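Read off the chains here:
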Amino acid sequence: MSNIVRLVIACVVMGAAIALCAFGFWGWGILVLFLGGIVLLSFFFNENMIIAQYFLRKEDSVKSEAWLLKITDYEKQLYKTQHGYYNLLIGLIESRKAPMKAEKYFKKALSLGMKMSHNTALAKLSLAGIAMAKRDKREATRLLSEASKDDKNKLLTEQIKMMKGQMAQMDKQQVVRGGYRQF
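The structure displayed is predicted, hence computed values, not measured ones.

Rules and cut-offs
Residues numbered from 1 in each chain as written. Predicted model: local features only at pLDDT ≥ 70, side-chain atom pairs only at ≥ 80, totals over all residues. Heavy atoms only, no water. Helix = DSSP H or I, 4+ residues; strand = E, 2+ residues; numbered from the N terminus. Contact = heavy atoms within 4.5 Å. Polar contact = N/O pair within 3.5 Å; in protein donor to acceptor, adjacent residues only side chain to side chain. Axes fitted to C-alpha atoms, helices over the stretch in contact; angles between N-to-C directions. Parallel < 35°, antiparallel > 145°, perpendicular 65-115°, else oblique. Left-handed = near helix turned anticlockwise from the far one by under 90°. Nonpolar A, V, L, I, M, F, W, Y, C, P; charged D, E, K, R; others polar.

1. Quick notes on the environment of Ser117
One can find Ser117 in helix α8 (residues 117-133). Ser117 sits 32 residues away from Lys149 along the chain, and the two C-alpha atoms are 9.1 Å apart. Ignoring any residue separated from it by four or fewer positions in sequence, one finds Ser117 in contact with Asp150 and Lys152. From its side chain, Ser117 meets the backbone oxygen of Asp150 in a polar contact 3.2 Å long.

Structure, rendered in structure tokens:
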């Protein structure tokens, strides 16, 4: 359902709630006002995105992808601030199937912007992992340092440490493989 339709429905339901209260039906007015508030909240927070995030936390990416695919045109169905989060969720699901294809979704999520800094850090951390898979150490190092700056609540410190350790292992493997003669 389009966001404009949601907004119109919310205004109509809120108007009906006010009319019910004005005519003395307080119980019904409060109930309809509550329902109008839920419809208005669905304007700002899409229910498909909320359910997809729930299934992604439960590590059920198949159901999460199914709920995200119900959003056919995200530019019309989502509020503008949710566009980055939509691309982040698609990127997280895609990274489990084909990590190299997820790069475009993470980059688009960063370009559209996200309000919460730990989500920006998550996107940069995922891009750093993709850069490590491509053996681009400079880009991976830059993205890891940006991710650690964006992670203000220290939610991703363990993952960042683990990625730095993997990068150190990558350097050691290059030295062994890299052409130094061993006697």
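2. Quick look at the environment of Gly84
On the secondary structure map, Gly84 appears in helix α6 (residues 83-97). The contacts of Gly84, once residues within four sequence positions are left out, are Ala109, Leu112, Gly113 and Met114.

3. So, the packing of α6 against α8
For the pair α6 and α8, the least separation of the axes is 11 Å and the interaxial angle reads 40°. Considering their axes alone, α6 and α8 lie oblique with respect to each other. Judged by the sense of rotation from one axis to the other, the crossing of α6 with α8 is left-handed. In contact with Tyr85, Leu88 and Leu92 of α6, α8 contributes Asn119, Leu122, Ala123 and Ser126. In terms of residue class, the contact of α6 with α8 is built from five nonpolar, two polar and no charged.

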